[in-house]
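# Working through the structure, step by step
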Amino acid sequence: MGKVVDVDRNPIALANVIIYEGEDKEFLLGTATDDDGYFNLVNLEEGTYFIEISFIGLEKFEQKIVLTGNLDLKTIQLVEASENLDEVTIVAKKPTITRKPDRLIFNVENTALVEGNTLSVLKSTPGVIVSEGSINIKSAPATVFINDRRVQLTSEELIQLLESAPANSIQSVEVITNPPASYDADSGSVINIIMSKNLITGYRGSVLTNYTQGVFPRYNVGTSHYFKNNKINLNLNYSYTSQKINRDQDEMVNFLDTTNAIDQIWQSNINRNTWSETHNLNLNFDYYIDDRNTLSLTSTALYTPYFKYQIRNNTNIFDASQNFLSSFTADNLSRDEKYNIGSDIIFRHDFKDASSLTFNTHYTIYDYGRDQNVFQDEQFDEDSEFNTLANQDTQIITGKIDYNLPIDETSSFEAGAKFSNVNTDSDITRTDIINGQEVPNADNTDVFKYDEKVFAAYTNYSKSWDKWDLNIGLRAEQTNIEGESVALNETNTQDYLNWFPNASVSYQLSEDVSLKGNYKRSIGRPSYTDLNPFTFFLNENTVVLGNPNLIPTYLDHYVIGLNFLEHFTIEAYYMNYDGNIVELPRQDNQTNIVAFTPVNLDKKVDYGFDFAFENYITDRWFLAAVTSFYNISEEANFGEGFVELDQWSNYSILQNSWTLLKDQSLNVNLTLTWVGKNLQQFEIMEDRLVSELSISKSIFNKKGVISLAVDDIFNFQDYESSIGYLNQSSRRFDDIDNRIIRIGFRYNFGNTKLNTNERTTDAEERERLKDLN
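Just so you know, these numbers come straight off a predicted model, no measurement behind them.

## Examining the overall build of the protein
A tally of helices and strands in the protein yields three helices and 46 strands. In the protein, buried positions account for 53% of the 773 residues. Taking the intrachain contacts of the protein between residues at least 6 apart in sequence as the baseline, contacts between residues at least 24 apart amount to 66%. If you sum the accessible surface of the protein, you get close to 33,600 Å²; carbon and sulfur atoms cover 54% of it.

## Concerning the packing of aromatic side chains
One pass over the full model with this rule turns up 24 aromatic pairs. On the basis of an interplanar angle of 65 degrees and a centroid distance of 5.8 Å, the ring pair of Trp266 and Phe328 is categorised as edge-to-face. Separated by 62 residues along the polypeptide, Trp266 in strand β19 (residues 262-290) and Phe328 in strand β21 (residues 324-350) bring together distant segments of the chain. With a relative accessible area of 9%, Trp266 lands in the buried category. Residue Phe328 is classed as buried on the basis of its relative accessible area, which comes to 4%. Relative to Tyr558, the ring of Tyr519 lies with its centre 4.9 Å away and its plane at 40 degrees, an arrangement referred to as tilted.

## Considering the confidence of the model for the protein
In the predicted model, the protein carries a mean pLDDT of 86, and 89% of its residues have values of at least 70. Segment residues 82-95: pLDDT under 50, and 24 contacts once partners within four positions in sequence are set aside and those in other chains are kept. This stretch, residues 752-756, has a pLDDT under 50; its non-local contacts, to residues over four places away or in other chains, come to 25 contacts.

## Quick look at the layout of surface pockets
Quantified by volume, the second largest pocket comes out at close to 340 Å³. Lining the second largest pocket are 18 residues, with Met1, Leu41, Leu44, Leu67 and Leu71 sitting closest to its centre. Contributions of two or more residues to the lining of the second largest pocket are made by β5 (47-54) and β6 (61-67). Looking at the lining of the second largest pocket residue by residue, the class counts come to 12 nonpolar, four polar and two charged.

## Points about the sheet that holds strand β34 (residues 581-588)
As summarised here, the arrangement of the four strands in space is β30-β31-β35-β34, forming an open sheet in which the pairing is mixed. Both outer strands of the open sheet, β30 (535-539) and β34, are each paired with one neighbouring strand and no more. Across the sheet, the axes of successive neighbouring strands diverge by a mean angle of 25 degrees, strand direction being ignored. In this sheet, strand β31 (residues 542-545) lies alongside β30 in antiparallel orientation, the contact comprising four bridges. Bridge pairing links Thr535 to Leu545 in β31.

## Digging into the pattern of salt bridges
Per the counting criterion, the structure on display carries 21 salt bridges. Two residues, Arg525 and Asp186, come together in a salt bridge whose shortest N-O distance is 3.8 Å. Residue Arg525 is found in the loop between β29 (513-524) and α3 (528-531), and its partner Asp186 is found in the loop between β14 (170-176) and β15 (189-195); the two are separated by 339 residues along the sequence. No difference in accessibility class separates Arg525 from Asp186, as the two residues are buried.

What counts and what doesn't
- Residues numbered from 1 in each chain as written.
- Predicted model: local features only at pLDDT ≥ 70, side-chain atom pairs only at ≥ 80, totals over all residues.
- Heavy atoms only, no water.
- Helix = DSSP H or I, 4+ residues; strand = E, 2+ residues; numbered from the N terminus.
- Buried < 20%, exposed > 50% of the residue type's maximum accessible area, 1.4 Å probe, protein only.
- Contact = heavy atoms within 4.5 Å.
- Areas by Shrake-Rupley, 256 points an atom, 1.4 Å probe, with all protein chains shown as cover.
- Phe/Tyr/Trp six-rings, centres within 6.5 Å; stacked < 30°, edge-to-face > 60°.
- pLDDT = per-residue confidence, 0-100.
- 1 Å grid on protein atoms, 1.4 Å probe; cavity = no way out; pocket = protein on both sides within 12 Å on 5 of 7 lines; lining within 4 Å.
- Points joined across faces, edges and corners; volume = space filled by probe spheres on them.
- Nonpolar A, V, L, I, M, F, W, Y, C, P; charged D, E, K, R; others polar.
- Pairing = 2+ DSSP bridges.
- Axes fitted to C-alpha atoms, helices over the stretch in contact; angles between N-to-C directions.
- Salt bridge = Lys/Arg side-chain N within 4 Å of Asp/Glu carboxyl O.

This is the structure:
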């Protein structure tokens, strides 16, 4: 047995290990290293053998062995090959989807998907649902990591970043439904984007451009540069995006009387346009001090110098008999400017016993400002106009330490600790325009100060033996929160200590059948702006209101599964949410105001059954099919009465990937995703079909790639939703700007077979940053 590592002492997975017999070197047997770089050869008789270990891009290791008993080769290091790989064509042989007890791994190398953007790859990943403003694993919000580092952007910025980031450096996407204890307790379900590993010294770069036509055109240009020698890794990525996004919404609100009969019907046509220009910069620098010590710097910057958001609302008001009563128009124009910069300094020391110790410090600065003007023109009542100026300044400091100890070739131990501090200062000022003069509105002017401290520690143990695989972990987090509203003279404090266990176990019943079971407990803390009591006006009748009394959500997640005949998987799962945080539109039938307010539900339960099949039908056609039947129930007491709703639904994916032409230079991917009628936050969402076609063709001796993508082929991706419980009654249809055609071109130069060390800086707190809208 032994372990295979590269020059940086990182384990090499899937390295070929071949044993030859005798002086004539006749082939005897072969194997491959596992994910941790280990291999084990058994049932060898005493004698003379030759071992050969190889991995693409690295020098082959060869050694003569005289076996007289058990032999441990310890650690074998493969050094870099001197040959330039520019003329080497690598054809992937591994399956596109790999399933493990706690995760699904979706490999996208050598598919047409890598010629699109990173967000398009997530849309095609089984189990992932990308909707406007959110990325979910089925019904649960997902936390996005890149190379095991949490992406430190707001939800809106995250989607913007992934949409502008090219996917050509992506190796795989991990959908982790049961993250180990080393992940933060509020990670929940995780999407981990794995970038290709760096293997060869030299320089490479690429330039790319994309043109997208939706309702309006969008543009994206970018460049990536990578350099490596024996001492340093340097990766620099920059992209610029200019776009205008359209969204139309038809909405009907039935305002009710005290008997819940219809009093007035408000029918609105709402058009939203967003103009933006965004610069993204990602820097990764690794310095290898010596064979056992590495110092790294990573930094991610997002700067939006131009952001304009316009809402045009035209509302007609009728009585219960559809007789016209009145109407109004409301124009909302906002201009934003923001930047978000996060940096990590990381030091790693590798001990002689193969254990490692990692120190990580992180700092984020986030600055956001919005200048808003709202004018409401009433047909029969007095017009109104007001301005608001909102600002948010957030600083995040974290420090963590992680220790990893491989006990032997079948078990390992991890432990670590982390401290984080989040400090946010927000303010909002409203002035009403009366007779052409600005008059301060003290009732809607406030300052909010937020301070959060989290102390965490974890331990994790994994073991494999015979037919069993086990992973167990425990994480503890102490949270101290203080939020202060200056205008309201209110201070909200929360202090709590929580324990978060997790476990994964699998058993190989036979060569073709295996069982698995998972459990994880996690937390969902309210975002900073959810706790902010400010009232943000979209118009005089539609507002967004924070809730300083929110408490955390606790989730218990159970999974059992069966894999059989290599290509089939069946799973059953159960998720219980205690105090689930959701933003609900609540209509006030007395004032005719709709307020979007975050609240804690009393209970939410999500359970169901998943069925999956994936296989290469031919060596050039891969097919994957997933279908899930699930039920979601939600319960809450709103004061007017207790509400309990539930809904069965179906979620299905059919994905086809083809590699065409003799030189395999043409790749085609077609993904169809069906999202059946389902329940989300007391709102019934109707059926949707998401369709995506992507095609890529290599040109210029495989140094260039042209690509074409079409989304929403059947024009069935928009959705209709309805609310109907107690004294709440409304319906809306959203026509989102998601029916697009995108063409792109990428050109690679330098040593084009290099793979990068690209990653994005992490700090779990940044996920909960939100814009003030």
